[in-house]
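Each chain, written out:
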Amino acid sequence: MKTLVVDHPLVAHKLTTLRDATTDSPTFRRLADELVTLLAYEATRDVRVADVTVTTPVAQAEGVRLTRPQPLVVPILRAGLGMLDGMTRLLPTAEVGFLGMVRNEGTLQATTYATRLPDDLSGRQCYVLDPMLATGGTLAAAIRLLMGRGADDVTAICLLAAPEGIAHMEEKLADCPVPVRVVTAAVDSHLNEKGFIVPGLGDAGDRLYGVV
Ligand SMILES: O=P(O)(O)OC[C@H]1O[C@H](OP(=O)(O)OP(=O)(O)O)[C@H](O)[C@@H]1O
Ligand SMILES: O=c1cc[nH]c(=O)[nH]1
Ligand SMILES: [Mg+2]
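These figures come from a predicted structure and were not determined experimentally.

### Things to note about the overall build of the protein chain
Each helix and strand in the protein chain was counted, giving 6 helices and 14 strands. In terms of its C-alpha atoms, the protein chain occupies a principal-axis envelope of roughly 60 × 35 × 25 Å. Sorting the 212 residues of the protein chain into buried and exposed places 44% on the buried side. In the protein chain, the share of contacts with a sequence separation of at least 24, taken over all contacts with a separation of at least 6, comes to 73%. Side-chain charges of the protein chain comprise 20 positive and 25 negative groups, with the mean position of each set lying 3 Å from the other.

### Let's talk about the nonpolar core
One finds Leu18, Leu35, Leu39, Met87, Ile157 and Leu159 to be the most contacted residues of the largest nonpolar core, which totals 36 residues. Secondary structure elements with two or more residues in this core: α1 (9-19), α2 (25-43), α3 (84-88), β8 (125-129) and α6 (204-209). The leading source of residues in this core is α2, at 8 residues. Setting aside its immediate chain neighbours within four residues, isoleucine 157 contacts Leu39, Ala40, Ala43, Met83, Met87, Val128, Leu129, Asp130 and Val183. Val128, Ile166, Leu173 and Val182 belong to the second-largest nonpolar core, a separate cluster that totals 28 residues.

### Some details on the UniProt feature "binding site: uracil" (unreviewed entry) in the protein chain
UniProt's feature table lists "binding site: uracil" (unreviewed entry) at Ile197, Gly202, Asp203 and Ala204, given in the numbering used throughout. Using a relative accessible area of 25% as the deciding quantity, one classes aspartate 203 as partly exposed. Among the structural elements, alanine 204 can be located in helix α6. Note on alanine 204: relative accessible area 5%, which makes it buried. Discounting residues that sit within four places of it in the chain, alanine 204 has contacts with Phe28, Ala79, Pro131 and Met132.

### Overview of the packing of helix α4 (residues 137-148) against helix α5 (residues 163-172)
At a minimum axis separation of 9 Å, α4 and α5 run at an interaxial angle of 30°. The angle between α4 and α5 falls in the class roughly parallel. Between α4 and α5 the crossing geometry is right-handed. Contacts between α4 and α5 involve Gly137, Leu139, Ala140, Ile143 and Arg144 from the first element and His168, Met169 and Lys172 from the second. Classifying every residue of the contact of α4 with α5 by side-chain character gives 4 nonpolar, 2 polar and 2 charged.

### Considering the site of ligand 1
Around ligand 1 lies a shell of 15 residues, among which Arg103, Asp130, Thr135, Gly136 and Thr138 are the nearest. Taking arginine 78, its side chain carries an N or O atom lying 3.1 Å from an oxygen atom of ligand 1. Here an oxygen atom of ligand 1 sits 2.6 Å away from a polar atom, N or O, in the side chain of threonine 135. With the chains in place, 91% of the 500 Å² that ligand 1 exposes on its own is no longer accessible. If you list the elements that add at least two residues to the shell around ligand 1, you get β6 (98-103), β9 (132-133) and α4. Residue composition of the shell around ligand 1, grouped by class: 6 nonpolar, 5 polar and 4 charged.

Rules behind the numbers
Residues numbered from 1 in each chain as written. Chains lettered and ligands numbered in written order. Predicted model: local features only at pLDDT ≥ 70, side-chain atom pairs only at ≥ 80, totals over all residues. Heavy atoms only, no water. Helix = DSSP H or I, 4+ residues; strand = E, 2+ residues; numbered from the N terminus. Buried < 20%, exposed > 50% of the residue type's maximum accessible area, 1.4 Å probe, protein only. Contact = heavy atoms within 4.5 Å. Lys, Arg positive; Asp, Glu negative; His and termini not counted. Charge placed at Lys NZ, Arg CZ, Asp CG, Glu CD. Core = buried A, V, L, I, M, F, W, Y, C linked by side-chain atoms within 4.5 Å. UniProt positions renumbered as here; feature names shortened; annotations may be inferred. Axes fitted to C-alpha atoms, helices over the stretch in contact; angles between N-to-C directions. Parallel < 35°, antiparallel > 145°, perpendicular 65-115°, else oblique. Left-handed = near helix turned anticlockwise from the far one by under 90°. Nonpolar A, V, L, I, M, F, W, Y, C, P; charged D, E, K, R; others polar. Near = heavy atom within 4 Å. Polar contact = N/O pair within 3.5 Å; in protein donor to acceptor, adjacent residues only side chain to side chain. Areas by Shrake-Rupley, 256 points an atom, 1.4 Å probe, with all protein chains shown as cover.

If you want it as structure tokens, here you go:
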């Protein structure tokens, strides 16, 4: 598994405001959306394209177009939904599948409560959206599920990651025969005793959508 930390002043600026506990929900949603588009620009560096020729008003020009099957974007509910518009703005022809997963606050184990994905993902590039990579349990399970359906290239886009979560994913996906990448705005210091990223930004789902 490869991890890419996007090093850019605009990414750092938006992430800093997301971290700030005084940032309200409307601002948090807007900044998360903007930040995803910046991360998605890097995350899609290997998106599959084919050569094409177009006719400009002046002459023929060689270029590229996204190939079929279209990439599949998979937000992990709930917090990943806050990243969907920012991603599809960059990849408007992508299809979207959904995974509902929740982490038990005591055991930190992730369970899946909703799945709406194509049965067959053979030959598909998949982009998984989840703002927080904490213990890595959620993301590792999501990626295993996609690979079980045949996905042959998976990139996860996270706003923030913890070193423990990256190590856990590297271990869980060590035998994985297909490329897996994590693209994030930062890798923070550590997880606290409740499994929260430190310094982090708190509970991403609650900050986007309120406490449930
Ligand atoms: O790396 P992990 O330790 O598995 O934790 C990360 C997960 O926790 C959060 O979801 P949460 O369970 O809070 O659900 P929500 O999106 O509905 O708030 C977050 O959005 C990730 O999905
Ligand atoms: O810090 C964390 C860890 C898991 N989920 C969150 O929303 N935040
Ligand atoms: Mg949450």
